[in-house]
Amino acid sequence: MPAPKKPSFLSRNLVAVVMIPSLIGIHIGWKILQDNRKLVTVEEQIDLPPITLAKYVWNRLTNGADARAVGDQTDNSTK
């Protein structure tokens, strides 16, 4: 009886092969849409979702210390 056939790379990693290019394409599309000034003004423009998530997580981990420090500096300069 012959040995069972080893599954190919594609069959073992099909989800990654499909999802990674899809995520890259989605982020490139987001960036293209955000850079189109007919669709999004400079005031309405937001960062890529991973950057927004990273900023949120950082603020949660540091309890917003950076934001308070920036606010304190701004408050002191206006007084």
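Residues numbered from 1 in each chain as written. Predicted model: local features only at pLDDT ≥ 70, side-chain atom pairs only at ≥ 80, totals over all residues. Heavy atoms only, no water.

### Points about helix 3 (residues 49-61)
So, point 1. Along its 13 residues, helix 3 runs 18 Å from first to last C-alpha, staying within 8% of the 18 Å computed at 1.5 Å per residue.
So, point 2. Following helix 3 by one or two positions, Asn63 adopts a phi angle in the positive range, close to 55°. (Helix = DSSP H or I, 4+ residues; strand = E, 2+ residues; numbered from the N terminus. Expected span 1.5 Å × (residues − 1).)

### Topic: the side chain of Gln34
So, point 1. Tracing the backbone through its elements, the reader meets Gln34 in helix 2 (residues 14-35).
So, point 2. For Gln34, a relative accessible area of 9% corresponds to the buried category.
So, point 3. Those residues within four positions of Gln34 in sequence are excluded, and the remaining contacts are Val40, Gln45 and Ile46. (Buried < 20%, exposed > 50% of the residue type's maximum accessible area, 1.4 Å probe, protein only. Contact = heavy atoms within 4.5 Å.)

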